[in-house]
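Reading the structure
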Amino acid sequence: MLAGKTALVTGSTSGIGLGIAKALARQGANIVLNGFGDAEGPKAEVAALGVKVGYHGADMSKPADIEAMMAYAAATFGRVDILVNNAGIQHVARVEDFPVDRWDAVIAINLSSAFHTSRLALPAMRAANWGRIINVASVHGLVGSAEKSAYVAAKHGIVGLTKVTALETATTGVTCNAICPGWVLTPLVQKQVDAKAAAQGLTNEAATRQLLGEKEPSMQFTTPEELGELAAFFCSPAGNNVRGVAWNMDGGWTAQ
Ligand code: NAD
C-alpha cells in the first residue's frame, strides 16, 4: 500500500515511534529513523521487513538539527511523504517546583519540533499533492493530570497545531491528524511505574496496577503495534478525508 513512499518517524529508536515505523514498513514504506541511544538494533528490525532504512540522530530540541535531518531525508529518499512527529519526553513536578530548563525542553521536544518538521515537510507534500502528517499527542492533549504541566501544555498545543495544519491543507491530498494514546508500556512510562514503586514501597506489579487503575478503565496498556496500525490507517486511501482529528486509543480514559 505504501511502496515507494518514505516515512520519517521522530523518536523512533524506542517505544511507540519504533512500533509506528515498523507498521508503516510492513505496508512497504521506506523509513527514516531518528532518536537517541542504539540505532543499529532498530535499523535492523525495520530493514528485516524488506524496506530501505535511514537514520539521523537530530536532537529534536534543536531547530538546526531538525533542518539537517529533513535535508538528509530529502537527499537520501527524494522526499518525506509521511511525517510522524513522535519524539517526546516527560517531567513530573508541581508548577511551582517545575525546573525552568525542563519546561523549555518539554515544550521544544514535544511541541516546537513538530512545527519545525511540518514547516519543512509541507512544501514537497503540497507539490506532490499527497502527504500524511501524524502527530503523536496523548490523552494529555485532551485532559490534564496533576504534576504534568509542561507535558499537558505541549500535548494540548500539538492537538491545536494538528487542527490548523489540517485546515491549511484541507483542499489538498495532504492530511494531518493526531493520535492520543493512554498508557503504553514504554521506557517513558516504566520510569513513572518505578517512581511510584519506590515512593510507596510497592512491587512493580502493584505499582503498574495502581497506575492503570487511577486512569485507564480497561486496566490494560495500549501497545505500540496497535498505535502503528492506526497510523497505517491514516495513510490508507480510507484516510483521505480524515482531517484534524485527535483520535484517542486510551482504554476509556477520556470517556469518563
Ligand atoms: P520512549 O521514551 O520509549 O521513546 C521516546 C523516543 O524519543 C526515543 O526514541 C528517544 O530517543 C526519542 N527522543 C527523546 N528525546 C529526543 C530528542 N531531544 N531528540 C530526538 N529524539 C528524542 O517514549 P514513548 O512512550 O514511546 O513516547 C513516544 C511518544 O508517545 C511521546 O511523544 C509521548 O509523549 C507519547 N505518548 C506516550 C504514552 C505512553 O504511555 N508511553 C502515552 C501517550 C503519548
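Heads up: the structure comes first, above all this text.
This section reports on the structure supplied with the text. Since the structure is predicted, the reported quantities are computational estimates derived from the model, not experimental observations.

For the pair helix α4 (residues 100-128) and helix α5 (residues 149-168), interaxial distance at closest approach is 8 Å and the crossing angle is 15 degrees. Considered as vectors, α4 and α5 are oriented roughly parallel to each other. For the pair α4 and α5, the sense of crossing is right-handed. From α4, W103, V106, I107, N110, L111, A114, F115, L122 and R126 reach across to α5, where they touch S149, A150, Y151, A153, A154, K155, G157, I158, L161, T165 and E168.

Bringing the packing of aromatic side chains into the picture now. All told, the structure shown has 5 aromatic pairs when counted by the stated rule. Look at W183 and W253: their rings are 5.4 Å apart centre to centre, the planes differ by 50 degrees, and that puts the pair in the tilted class. You can see W183 sitting in the loop between β6 (174-181) and α6 (187-200) and its partner W253 sitting in the segment after β7 (246-249), a full 70 residues away along the chain. Take W183: its relative accessible area is 7%, and that puts it in the buried class. Taking 6.1 Å as the distance between ring centres and 50 degrees as the angle between the ring planes, the aromatic pair formed by F233 and F234 counts as tilted. Residue F234 is classed as buried on the basis of its relative accessible area of 1%. Each member of the aromatic cluster is reached from another via a ring pair, and the members are F233, F234 and W247.

Judged by nonpolar contacts, the single largest core of 28 residues is most densely connected at L24, I31, I82 and V84. Among the elements of the structure, β1 (6-9), α1 (15-26), β2 (30-34), β4 (82-85), β5 (131-136) and α8 (224-235) are those that each provide at least two residues to this core. Once residues lying within four places of it in the same chain are set aside, the contact partners of I82 are L2, T6, A7, L8, L24, M125, W130, R132 and C235. V32, A58, M125 and C176 belong to the second-largest nonpolar core, a separate cluster that totals 20 residues.

Bringing the site of the ligand into the picture now. Neighbouring the ligand are 30 residues; S14, N86, Y151, V184 and T186 lie closest to it. In this structure, a nitrogen atom belonging to the ligand sits 2.9 Å away from a side-chain N or O atom of D59. N86 is positioned with one of its backbone polar atoms (N or O) 2.7 Å from an oxygen atom of the ligand. Those elements giving two or more residues to the shell around the ligand turn out to be α1, α5 and α6. With 3 residues, the single largest contributor to the shell around the ligand is α6. Split into classes, the residues belonging to the shell around the ligand amount to 16 nonpolar, 12 polar and 2 charged. There are two domains that each give the shell around the ligand at least three residues, and those are domain 1 (6-182 + 223-248) and domain 2 (184-221).

The rules behind each value
Residues numbered from 1 in each chain as written. Predicted model: local features only at pLDDT ≥ 70, side-chain atom pairs only at ≥ 80, totals over all residues. Heavy atoms only, no water. Axes fitted to C-alpha atoms, helices over the stretch in contact; angles between N-to-C directions. Helix = DSSP H or I, 4+ residues; strand = E, 2+ residues; numbered from the N terminus. Parallel < 35°, antiparallel > 145°, perpendicular 65-115°, else oblique. Left-handed = near helix turned anticlockwise from the far one by under 90°. Contact = heavy atoms within 4.5 Å. Phe/Tyr/Trp six-rings, centres within 6.5 Å; stacked < 30°, edge-to-face > 60°. Buried < 20%, exposed > 50% of the residue type's maximum accessible area, 1.4 Å probe, protein only. Core = buried A, V, L, I, M, F, W, Y, C linked by side-chain atoms within 4.5 Å. Near = heavy atom within 4 Å. Polar contact = N/O pair within 3.5 Å; in protein donor to acceptor, adjacent residues only side chain to side chain. Nonpolar A, V, L, I, M, F, W, Y, C, P; charged D, E, K, R; others polar. Domains from an automatic or database assignment.

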